[in-house]
Amino acid sequence: MAQANLTDRGAGNFSVHHHPEKWKWYDYFTFNVDHKVIGIQYLVTSFAFYLIGGLMALAMRAELATPNSDLLDPNLYNAFLTNHGTIMIFLWIVPGAIGGFGNYLVPLMIGARDMAFPKLNALAFWVTIPAGALLLGSFFFGGAQAGWTSYPPLSLITANTAQSMWILAIVFAGTSSILGAVNFIITIWKMRVPSMDWDQLPLFCWAILATSILALFSTPVLAAGLVLLLFDINFGTSFFKPDAGGDVVMYQHLFWFYSHPAVYLMILPIFGIMSEVIPVHARKPIFGYKAIAYSSLTICLVGLFVWVHHMFTSGTPPWMRMFFTVSTLIVAVPTGVKIFSWVATLWGGKIRYTSAMLFAIGLLVMFVLGGLSGVTLGTAPVDIHVHDTYYVVAHFHYVLFGGSVFGIYAGFYHWFPKITGHYLNEGLGKLHFVLTFIGTNLTFLPMHQLGLQGMPRRVAMYDPQFQTINQICTFGAFLLGVSVLPFLINAIWSWSRGAKAGGNPWDAKTLEWTTDSPPAIENWEVLPVVTQGPYAYGEEHLTVE
Amino acid sequence: MKQIPAPLWTLTVGVVVTVISFWVGYNHGFLPEQASAQAPLVDDFFNIMMVIGTALFLVVEGAIVYCMIQFRRRKGDDSDGLPIEGNLPLEAFWTAIPAVIVIGLGIYSVQVFQEMGGFSPGGLEHDHGMMIAQAHTGAMGGVSEDTPDTPEARQQLAKAVYGFGASIDNEGRSADLEVNVSGMQYAWIFTYPDTGIVDGELHVPVDADVQLNISAQDVIHSFWVPQFRLKQDAIPGKDTELRFVATKPGTYPVVCAELCGGYHGAMRTQVIVHTPEDFQAWVDQRVAQAPMSVDAIAQNPADLSDSDYLAPYETALGVDARLVAQLSQASADDIINP
Ligand code: HEM
Ligand SMILES: [Cu+2]
Ligand SMILES: [Cu+2]
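Rules and cut-offs
Residues numbered from 1 in each chain as written. Chains lettered and ligands numbered in written order. Predicted model: local features only at pLDDT ≥ 70, side-chain atom pairs only at ≥ 80, totals over all residues. Heavy atoms only, no water. Donors = N, O, S within 2.8 Å, 3.2 Å for Na, K, Ca; no water. Helix = DSSP H or I, 4+ residues; strand = E, 2+ residues; numbered from the N terminus. Buried < 20%, exposed > 50% of the residue type's maximum accessible area, 1.4 Å probe, protein only. Lys, Arg positive; Asp, Glu negative; His and termini not counted. Salt bridge = Lys/Arg side-chain N within 4 Å of Asp/Glu carboxyl O. Polar contact = N/O pair within 3.5 Å; in protein donor to acceptor, adjacent residues only side chain to side chain. Contact = heavy atoms within 4.5 Å. Domains from an automatic or database assignment. Buried area = accessible area lost by both parts, 1.4 Å probe. Nonpolar A, V, L, I, M, F, W, Y, C, P; charged D, E, K, R; others polar. Tetrahedral: all angles 85-135°; square planar, octahedral: opposite > 155°, others 65-115°.

Points about the coordination of the iron atom of ligand 1
All names here are of chain A.
Thinking step 1. Among all protein atoms, only His 395 (NE2) binds the iron atom of ligand 1, sitting 2.2 Å from it.
Thinking step 2. Separating the iron atom of ligand 1 from the copper ion (ligand 2) is a gap of 4.8 Å.
Thinking step 3. Note that His 395 resides in helix α13 (residues 390-420).

Comments concerning the side chain of B:Asp233
Thinking step 1. Among the structural elements, B:Asp233 can be located in strand β8 (residues 230-234).
Thinking step 2. Buried charge B:Asp233 goes without a salt bridge, the closest partner of opposite sign being B:Lys231 at 7.5 Å.
Thinking step 3. Only 2.7 Å separates the side chain of B:Asp233 from the side chain of B:Ser222, close enough to count as a polar contact.
Thinking step 4. When sequence neighbours within four positions are dropped, the list of residues in contact with B:Asp233 reads A:Thr313, A:Ser314, B:Ile214, B:Ile220, B:His221, B:Ser222, B:Thr240 and B:Glu258.

Overview of the domain arrangement of chain B
Residues and elements named next belong to chain B.
Thinking step 1. Under the domain assignment used here, chain B contains domain 1 (7-69 + 98-115) and domain 2 (163-292).
Thinking step 2. Between domain 1 and domain 2, a total of about 1,300 Å² is buried, with carbon and sulfur atoms accounting for 55% of that surface.
Thinking step 3. Taken together, domain 1 and domain 2 are joined by two salt bridges.
Thinking step 4. At the junction of domain 1 and domain 2, the tally comes to ten residue pairs in polar contact (both at pLDDT 80 or more).
Thinking step 5. Within the residue set of the side of domain 1 that touches domain 2, elements represented by two or more residues are α2 (38-70) and α3 (88-115).
Thinking step 6. Per element, the largest residue contribution to the side of domain 1 that touches domain 2 is four residues, and it comes from α2.
Thinking step 7. Taken together, the residues of the side of domain 1 that touches domain 2 break down into seven nonpolar, four polar and three charged.

Some thoughts on the coordination of the copper ion (ligand 3)
Residue and element names in this part refer to chain B.
Thinking step 1. Every protein donor of the copper ion (ligand 3) is listed here as His 221 (ND1), Cys 256 (SG), Cys 260 (SG) and Met 267 (SD), and their distances to the metal cover 2.1 to 2.4 Å.
Thinking step 2. Coordination at the copper ion (ligand 3) comes from four donor atoms whose angles at the metal span 90 to 122°, giving a geometry best classed as tetrahedral.
Thinking step 3. Read in sequence order, the donor residues for the copper ion (ligand 3) give the motif H-x34-C-x3-C-x6-M. Per residue, the accessibility class of Cys 260 equals that of Met 267, and both read buried.

Here is the structure:
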């Protein structure tokens, strides 16, 4: 817990900044430099994009209810396919988890008044807006249709204008990530309250730190690859044009050098959320603090050397296929450590089944399956069979929907009282959880079988033998669509009318709970002092003799 | 804190988990029929991972469910759990076990991969030095920089490296039958260099060592026969190879697995595995006919196969097929001078 600290070491020059007592609603639509405003901007915008990307998925699933291509034009199907993936990754999970929760929580968790570079922070948010506008606008030009991976030559010869807009969108989103990453690293490095040691840093901050390092190393490589692609499309270069001596496989290396780490950009912050939510609602210290912190760093290091597992059937030589099989398998170890540590945190706890905890446990349950299927995919001999099939689609939705999306929801329920001063309604929350959990498994579990039996991914028409299973998936997807409604109603209603929550509604120990809900503009009157670890639950058992 | 479960209890759980895992591993029925020499190798590997995976799944999910029931907050209890912050031996244990498992899987991967012929594309056998040298120029150096300019030389280099070569039994021997496979939006074209036959379906004799030389005309495609458990991308500018032995006469789907445009999902044909006599009869019959021109095939991808599953698209593809020839021409032009 924290006590008052009279020596106010302000967050850089921020305290000089002039601001009103309290932000008005319209301040949230402006270039505002307050990290909490920016966090909310990220959360709300990314959620809106989640809904848009979700509608695209529903359109695709409706098409796939029958084997024929009878609902959408096949090119429009591919445009939805491409933009669904792109939006979910670059405009929902990354900005939501890192931009949203990261910005809102990191300064609060380390006892800072703001991020190190508030203006840069606002800029990072605002460049995601043109990214979204470009993607949506590209539909006037047919929409990019080459998949979120945009392999040339397909990306060079289909819908050139839309494809160029897509590239610019990703470059904007990538710029945002890089700006954000620099800011997070400096903030966590330099702006912790003096009383906070590294081993008192909340695990969410460790996760954001690891994520930021990863983003900083990998994003520029993607940007380089995409800029070359843009030149090939528009300026007559031939980096990736086979007929002119270009090398299409080179693009895949550049792309996956970023995009494999990108999957960790989408899950490390979620791991961070898990490590905050579980101890609070299980009323126990996190099990293996150090192991969790270091496994994030290990994942981020090893994760830089596994990218060829996306290219086992491509133009890759045998030694490369084998080397990357082994490196990929190794990543499973630190990932396992985290899972086991969370389960051990539950062990011996006094679990409170709040909606936040339900989503966290739901994540745990599904992520295990995603990790196991990941291991099978990591071995080249099996991947040769299932690469580019629905088995891969099943894998990454278990880790991204069952993992990342569930984690973000857990975060919403957990920090909503902090952000708004009101609880979300628990009844609606539980309904939301049940529908989402059933929907996710109904949609994505059967896809494993589809892929193993021979259905490729990214198809608008398929062999009729797969129809029944596809219809189950489609049904599940619509259930998922419906599952959003209780959440939306809940969030909108509770934002102003939910039961009032005090400063520390869950009786949690990290610093964000030491201030009011919602926190004042510079977070604390007087900065808190750290006197114990962030997960010091059950200390009473120690003093009772 | 709960008591540690009695040894008997642990033993029972262990036996039950083991039995279920083995049962699931060998009876899941998720994999299609095995029709190539490579298929059983892949399946054995997959099944073992299913056994291990099921066991881990049951143990972890079981632990979660146990905790959820056993350690739920009871009414009126607002106290915290015990302040246990870690346990080094336990943590070492659950780091070591997965590490051992994945190392085992890694070694097994290499072995299966070798038996499948993964180490010898282009007849390279096991000359690692050469493979690595070539691999570097092929995959990392960028063709434009440091390879000879002639297309033949480039082709030679690429051909020597990627894909699947002779499986372990056929190592050092040249294939019984070579077929050139060319992928284009949205059809596969199979050319038999020995006889000049051109077809939209792949015909091969059973138990013969067949080598496919795979290329692509427009965009990347991927040649996949689920029943063979084999897949290799068809990459413009880089020839690849896939060598297999079909073990069971029958008709199996050939599926394009790499997104290649609007009708990617309809880019399906079939491979017909004949008995040797039937195959000879097919060859004789085809050689007697005038060889089909590549154009005729390319323009009518929907006619390539009579199989039912393509029927629904005949209209869609028919319309598109007329465009295909122009389109792929246009795209080729695009690539050269956009
Ligand atoms: C145990 C850890 C994991 C392993 C060993 C693993 C392994 C793999 C492999 C080998 C592939 C390539 C499959 C193929 O295309 O043939 C793959 C695909 C993918 N994985 Fe994982 N994975 C793991 C965890 C994750 C996590 C945590 C995420 C994200 C939250 C993730 C997201 C993805 C995505 C998005 C793809 C598909 C990319 C695409 O082709 O579009 N994976 N994974
Ligand atoms: Cu990856
Ligand atoms: Cu294709």
